[in-house]
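Coordinate inspection notes
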Amino acid sequence: MPATLDPAVGESLCAALREQAARLGVSLGDEPIWAKASLSEVADPYTQAVSVLATWRGGARYGQATFFPDGRVFAEYQVLAPHPTRPGCFIDAVQVWGAPAAWRGEAVLIELPAED
């Protein structure tokens, strides 16, 4: 069983992922849902420090969040939608990192090939 995570931190992270998508003009609905994340432990091959990995899969999108022992978090969640204001651009995913008091984030964008 993985280390216990504060559900408030997980809920905050999910809200931050949805907010990153909303900043682009895209709604993820109520995804990701913290209660639907599968938790596991992963050991860093070099330091042997154990992190908790939260994974969302089986729905319309896939995502992962790594909770490092020092309190940092990195998460990525699929959006898979055309950018609503940038023609020729596709939103692959949104990313959030940092700590609950100061989440930071950005989108992973893909330029689509020009049509001839």
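Residues numbered from 1 in each chain as written. Predicted model: local features only at pLDDT ≥ 70, side-chain atom pairs only at ≥ 80, totals over all residues. Heavy atoms only, no water.

Quick look at the environment of Thr66
By the element assignment, Thr66 lies in strand β3 (residues 63–67). The buried category is assigned to Thr66, whose relative accessible area is 17%. On a C-alpha basis, the gap between Thr66 and Trp97 in space is 9.3 Å, while along the polypeptide they are 31 residues apart. In contact with Thr66, not counting residues within four places along its chain, are Ser51, Val52, Leu53, Arg72, Val73 and Phe74. (Helix = DSSP H or I, 4+ residues; strand = E, 2+ residues; numbered from the N terminus. Buried < 20%, exposed > 50% of the residue type's maximum accessible area, 1.4 Å probe, protein only. Contact = heavy atoms within 4.5 Å.)

Re the sheet that holds strand β6 (residues 104–111)
With respect to topology, six strands assemble into an open sheet ordered β1-β2-β3-β4-β5-β6, the strand pairing being antiparallel. The two strands at the open ends of the sheet, each matched to only one other strand, are β1 (38–43) and β6. Along the sheet, successive strands turn relative to each other by an average axial angle of 20°, direction set aside. Inspection of the sheet shows strand β4 (residues 73–82) paired to strand β5 (residues 89–98) by eight bridges, in the antiparallel sense. Note that in β5 the partner of Glu76 across the bridge is Gln95. (Pairing = 2+ DSSP bridges. Axes fitted to C-alpha atoms, helices over the stretch in contact; angles between N-to-C directions.)

Here's the deal with the pattern of salt bridges
For the coordinates displayed, the defined rule picks out four salt bridges. When the shortest N-O distance is used, the salt bridge between Arg23 and Glu19 registers 2.7 Å. Taken together, the residues Arg23 and Glu19, both in helix α1 (residues 7–23) and four residues apart, mark about one turn of the helix. Note that Arg86 and Glu111 form a salt bridge whose closest N and O atoms lie 3.2 Å from each other. Of the two residues, Arg86 sits in the loop between β4 and β5 while Glu111 sits in strand β6, which places them 25 residues apart along the sequence. Judged by its relative accessible area of 39%, Arg86 falls in the partly exposed class. Look at Glu111 and you get exposed, because its relative accessible area is 55%. (Salt bridge = Lys/Arg side-chain N within 4 Å of Asp/Glu carboxyl O.)

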